[in-house]
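# Inside the fold
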Amino acid sequence: MQFEKPRFSKTSVNKAADLMLRADTSALDDDVIEALNIFFNWRASHALPMQTISVLLRRHSKLADPNSFVVQRLKRERSIFRKLLLQDKMQLSRMQDIAGCRAVVESLNKLVLLYSSLKLSKTKNKLVRVQNYVDKPKYSGYRGIHLIYKYEGSKTEWHGMLVEVQLRTQIQHSWATAVEVVGTFNNQALKASMGDKDWLVFFMLASAEFANLENCPKNKLLKDLDTFKGLFVYVNKLKVFDMLRAYTVSATVAGSPPSGKDYVVLRLDRSLRKVFHTWFSQDELKDAQKFYDDTEQEYKNDDNNDVVLVASSSVKELRKAYPNYFADTEEFRKNIFKVFEAHNYEVSETDGNIKLKKKDKKK
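Residues numbered from 1 in each chain as written. Predicted model: local features only at pLDDT ≥ 70, side-chain atom pairs only at ≥ 80, totals over all residues. Heavy atoms only, no water.

## A word on the overall build of the protein chain
If you tally the helices and strands in the protein chain, you get twelve helices and eleven strands. Taken over the C-alpha trace, the protein chain has a radius of gyration of 21 Å; the compact-globule value for 363 residues is 21 Å, and the two agree within 12%. If one aligns the C-alpha atoms of the protein chain with their principal axes, the spans along those axes are about 70 × 45 × 45 Å. Counting over 363 residues, the protein chain shows a buried share of 52%. Taking the intrachain contacts of the protein chain between residues at least 6 apart in sequence as the baseline, contacts between residues at least 24 apart amount to 67%. Of the accessible surface of the protein chain, which amounts to about 17500 Å², a share of 49% is contributed by carbon and sulfur atoms. (Helix = DSSP H or I, 4+ residues; strand = E, 2+ residues; numbered from the N terminus. Rg over C-alpha atoms; globule rule 2.2 N^0.38 Å. Buried < 20%, exposed > 50% of the residue type's maximum accessible area, 1.4 Å probe, protein only. Contact = heavy atoms within 4.5 Å. Areas by Shrake-Rupley, 256 points an atom, 1.4 Å probe, with all protein chains shown as cover.)

Have a look at this one:
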C-alpha cells in the first residue's frame, strides 16, 4: 500500500488554509489551485498514521469486546473549514481530528476496559491528550472518550502527525449519530450545538436519560431538572419519531461492495434520498483519496450532498459505524423506548404522538 507523504511545511499548510477561508475557491486562479493542492496533500498524508493507530485500536477493541467494531475516516473539507471558522485560534496544522478512528463497544464496562487497555498499551506512538466526555459530558450531551495520538512510528516523514480515537458505547453512538441525522437532513450544525433550539434541548434531555440507562454522570446543568418529563414533552412537541421515520424510510443505498475493497467514498444526496458508495482496495488508496478530493469539489457548493472517505470492510459494518449517512436511527429510537420502560411506562403511539401508561406493579 502506498501512502501519501506530507510534502509541505506546516507554515505552508496554515497559509493555504487561511487563503481558502478568505478566497473564492470557485475561481480557480493559480493561488487557489496551489492552496487546494497543499490542503489535499496534508489531509491525505494522515492516512498512514491513521492506519497505524487503527491497527492498535482494532487489537485492543477485540480483546475488550469481541462484538466491537472499528472504522476510520479522513475528515471532510466542509467540516474542517467550519471548525477553523468557529475556532479563531485553530490552525490546520494543529487540528487533532483530520484523521479519526472510532471504536464502538456494547457496554460501559467494556468501554472502561478498552480505555484502560489503550492507556497501558506499549506503542511507539504517544498518547498526548485524553478528553473524557463520559465522566464530564459536553454541554450538548455528547458522551464518549477521545484520545489524541501523535505518530512516532518507524516512518519518520510522518512524525508528529495527530490522530483522534473516539470510544463509544452503542447507546452513546446511537445518540451521536441521531444528532448527525437530524442535523444533516435539516441542514443544521446540531453537532456543533448550532441550529434549532428545540432539537438541541431534546438531544440534551435524551443524553441525560441515556446516561441514566448506563449509570453514569449526566450534564451537571440538568441535575435539578426532571429530564424524563422534559424528554417526553419534546418527543411529542417535535414529533420525533415521525421525523426520524421519514428520514429512515426515504434513504436508500445504491450499489454493493466488490470483494477485497476496504476504502469507500460515501456520498449522501438528500434531494434524491440516496446514498452512493464507491469502493477501492488498499492498493488503490491514492485513487480513493483523489476521487474523494474531486467529488468534494464537485459538490462543494451543494448543501444537499455530503461526501466522506472511510475505511470499512463491509456494508454491514459501514451502516453500523456511519448510520447518519444511511439515515438509520433505529437504535436511537429503541433506546428512547428503553428510557420509557426504565421509568416503568408502557408506550403507545398515535398520529406521531407518544402516550405513556404506568405499568401495573402487580404484573
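## Remarks on the packing of aromatic side chains
Under the definition given, this model contains 17 aromatic pairs. An angle of 85° between the planes, with centres 5.7 Å apart, marks the rings of W199 and F202 as edge-to-face. Placement of the pair is W199 and F202 together in helix α7 (residues 197–213), with a separation of three residues, close to one helical turn. Per residue, the accessibility class of W199 equals that of F202, and both read buried. Between F202 and F332 the ring centres are 6.1 Å apart and the planes differ by 80°, which places this aromatic pair in the edge-to-face class. (Phe/Tyr/Trp six-rings, centres within 6.5 Å; stacked < 30°, edge-to-face > 60°.)

## A short note on the environment of V264
Locating V264 in the fold gives a position in strand β7 (residues 263–269). Assessed through its relative accessible area of 0%, V264 is described here as buried. Taking the C-alpha atoms as reference points, V264 and P66, separated by 198 residues in sequence, lie 24 Å from one another. With residues up to four places along the chain from it excluded, the contact list for V264 reads H277, T278, W279, V308, L309, V310 and L318.

## Concerning the pattern of salt bridges
One pass over the structure, following the stated rule, counts 23 salt bridges. Linking E106 and K110 is a salt bridge whose minimum nitrogen-to-oxygen distance equals 2.8 Å. On the accessibility criterion, K110 (25% relative accessible area) is partly exposed. Across the pair R245 and D242 runs a salt bridge, and its minimum N-O distance is 2.9 Å. (Salt bridge = Lys/Arg side-chain N within 4 Å of Asp/Glu carboxyl O.)

## Some details on the nonpolar core
By size, the foremost hydrophobic cluster in this structure holds 108 residues, and its most contacted members are L167, W175, F202, F203, F332 and I336. Here F203 is in contact with S140, W175, A178, V179, V182, L190 and F332, once residues within four sequence places are set aside. (Core = buried A, V, L, I, M, F, W, Y, C linked by side-chain atoms within 4.5 Å.)

## Some details on the pairing of strand β4 (residues 145–150)
Note on strand geometry: in a regular strand, side chains alternate between the two faces of the sheet. Summarising burial for β4: five of the six residues are buried, a large majority. Bridging between β4 and strand β5 (residues 162–169) involves six bridges; their strand directions are antiparallel. Residue pairing for β5: K150 is matched across the bridge by L162. (Pairing = 2+ DSSP bridges.)

## Concerning the pairing of β7
Most of β7 is tucked away: seven of the seven residues are buried. Neither face of β7 is exposed, since Y263, V265, R267 and D269 on one face and V264, L266 and L268 on the opposite face are all buried. Pairing geometry for β7 and strand β8 (residues 274–280), over seven bridges, is antiparallel. Across the sheet, the residue bridging to L266 is H277, located in β8. Here β7 folds back onto β8 in antiparallel fashion, the turn holding four residues, of which R273 has a positive phi close to 60°. By the bridge criterion, seven bridges tie β7 to strand β9 (residues 305–311) in an arrangement that is antiparallel. Across the sheet, Y263 pairs through a bridge with A311, a residue of β9.

## So, helix α8 (residues 227–237)
Within the sequence span of α8, burial applies to T227, F228, G230, L231, Y234, V235 and N236. Immediately beyond the C-terminal end of α8, within one or two residues, lies K239, with a positive phi of roughly 50°.

## What to know about the packing of helix α2 (residues 30–44) against helix α4 (residues 77–86)
Between two packed helices, what matters for the description is the angle formed by their axes and the separation of those axes. Where α2 meets α4, the closest approach of the two axes is 12 Å, and the angle between their N-to-C directions is 105°. Between α2 and α4, the angle falls in the class roughly perpendicular. Contacts from F39, F40 and R43 of α2 reach α4 at E77, I80 and F81. (Axes fitted to C-alpha atoms, helices over the stretch in contact; angles between N-to-C directions. Parallel < 35°, antiparallel > 145°, perpendicular 65-115°, else oblique.)

## Focus: the packing of helix α6 (residues 170–185) against helix α12 (residues 330–342)
Here α6 crosses α12 at 120°, and the two axes come no closer than 8 Å. Helix-helix and strand crossings are classified by hand; for α6 and α12 the assignment is left-handed. Contacts between α6 and α12 involve I171, S174, W175 and A178 on the former and, on the latter, E331, F332 and N335. Within the contact of α6 with α12, the residues separate by chemical class into four nonpolar, two polar and one charged. (Left-handed = near helix turned anticlockwise from the far one by under 90°. Nonpolar A, V, L, I, M, F, W, Y, C, P; charged D, E, K, R; others polar.)

## Considerations on a positive patch on the surface
On the surface, a cluster of positive charge is made up of R58, K62, K316 and K320. Sorting the residues of the positive patch by element identifies α3 (47–64) and α11 (315–321) as the ones contributing at least two each. With respect to the helices and strands, the residue K316 is situated in helix α11. By relative accessible area, which is 64% here, K316 ends up exposed. (Patch = residues over 30% accessible without salt bridge, like charges linked within 9 Å, V, L, I, M, F, W, Y side chains within 5 Å. Lys, Arg positive; Asp, Glu negative; His and termini not counted. Charge placed at Lys NZ, Arg CZ, Asp CG, Glu CD.)

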